[in-house]
Amino acid sequence: FEKQYCLGKRKGVLKELVNAYKYQSVRVVADVFVELILQTFDFDNDTVFVPLPTISKHVRERGFGHIEYLLRRLSWDDGQRLACAKVLKRVNSTVQVGSSSEKRKTQAAKAYELVKNFNPNKHFILVDDVWTTGSSMLAAAQKMRSQGAQKVDILVITKTV
């Protein structure tokens, strides 16, 4: 990755915000994350934000796709549209939480496919909430690069410690 954007380590207030957002569906937290992202980082107009797909079981349990929702909120910055696109889809339902680093890599390598109308001539920022081993993000970025994407960066809310 050329750039890695991260708001911080997963501890204290940030950990509580991620947990409230992700597991208790406190959707207003998405606006807090959006404000932090926009105040912390600068993005160019050619940037396309891409949600790392969540398994459908978790979307059903939570009642929403938390990363997609976050990007919908991010897509408007003071009225100026930031591009967001679902260019990846999840093709299996393996759960990464609690898996070993090696198992995460193996599962993630088979987890994603690109949508049919993928245009590799963009600057992509792949977005997820938590970076644990990076297996999912790396596998998704590799899938995009294998189809011609030249510039794929990442943005995560927090890294585990």
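Above this text sits the structure in question.
Report on the accompanying structure. In this text, all values refer to a predicted model and were calculated from it rather than measured experimentally.

**A closer look at the overall build of the protein**
- A count of helical and extended segments in the protein gives six helices and nine strands.
- Buried residues in the protein amount to 45% of all 161 residues.
- Restricting to contacts in the protein with at least 6 residues of sequence separation, those with at least 24 account for 76%.
- For the protein, the computed accessible surface area is about 8,700 Å², with 47% contributed by carbon and sulfur atoms.

**Section: the nonpolar core**
- Of all hydrophobic cores here, the largest spans 24 residues; its most connected members are Y21, F33, F43, F49, L70, V127 and L155.
- Of all the secondary-structure elements, those providing two or more residues to this core are α1 (12–24), α2 (28–40), α4 (66–74), β8 (123–131) and β9 (151–159).
- The residues touching L155, leaving out its near neighbours within four places in the chain, are Y5, I37, F41, F43, I125, L126, V127, D128 and M137.

**Section: the environment of L7**
- Along the chain, the position of L7 falls in strand β1 (residues 4–9).
- Accessibility expressed as a relative area gives 23% for L7, which makes it partly exposed.
- Sequence separation between L7 and I37 is 30 residues, and the spatial gap between their C-alpha atoms is 7.3 Å.
- Ignoring sequence-local partners within four residues, the contact set of L7 consists of L14, F33, L36, I37, T40, F41, V156 and I157.

**Concerning unusual backbone geometry**
- Its identity as a non-glycine residue notwithstanding, S25 has a phi of 55°, on the positive side.
- Here S25 shows up in the loop between α1 and α2.
- Under the relative-accessibility criterion, S25 is labelled partly exposed at 26%.

**Description of the sheet that holds strand β5 (residues 83–84)**
- Overall, parallel pairing links the five strands, which are arranged β1-β9-β8-β2-β5 in an open sheet. With partners counted over all chains shown, the strands left at the sheet margins are β1 and β5, one partner each.
- Note that β1 and β9 share five bridges and pair parallel. Its bridge partner being in β9, K9 is matched across the sheet by K159.

**With respect to the packing of α1 against α2**
- Packing of α1 against α2 leaves a shortest axis separation of 9 Å and a crossing angle of 135°. Here α1 lies oblique to α2, going by the angle between them. The crossing of α1 and α2 is left-handed. Between α1 and α2, the contacting residues are L14, L17, V18 and Y21 on the first element and V29, A30, V32 and F33 on the second.
- Residues that form the contact of α1 with α2 fall into these classes: eight nonpolar, no polar and no charged.

**As for the packing of α2 against α4**
- Direction vectors running N to C along α2 and α4 enclose 55°, while the axes themselves pass 9 Å from each other. As the angle between them shows, α2 and α4 are arranged oblique. Between α2 and α4 lies a crossing of right-handed hand. Every residue of α4 that contacts α2 at A30, D31, F33, V34, I37 and L38 is listed here: Y69, L70, R73 and L74.
- Grouping the constituent residues of the contact of α2 with α4 by class yields eight nonpolar, no polar and two charged.

Definitions and limits used
- Residues numbered from 1 in each chain as written.
- Predicted model: local features only at pLDDT ≥ 70, side-chain atom pairs only at ≥ 80, totals over all residues.
- Heavy atoms only, no water.
- Helix = DSSP H or I, 4+ residues; strand = E, 2+ residues; numbered from the N terminus.
- Buried < 20%, exposed > 50% of the residue type's maximum accessible area, 1.4 Å probe, protein only.
- Contact = heavy atoms within 4.5 Å.
- Areas by Shrake-Rupley, 256 points an atom, 1.4 Å probe, with all protein chains shown as cover.
- Core = buried A, V, L, I, M, F, W, Y, C linked by side-chain atoms within 4.5 Å.
- Pairing = 2+ DSSP bridges.
- Axes fitted to C-alpha atoms, helices over the stretch in contact; angles between N-to-C directions.
- Parallel < 35°, antiparallel > 145°, perpendicular 65-115°, else oblique.
- Left-handed = near helix turned anticlockwise from the far one by under 90°.
- Nonpolar A, V, L, I, M, F, W, Y, C, P; charged D, E, K, R; others polar.

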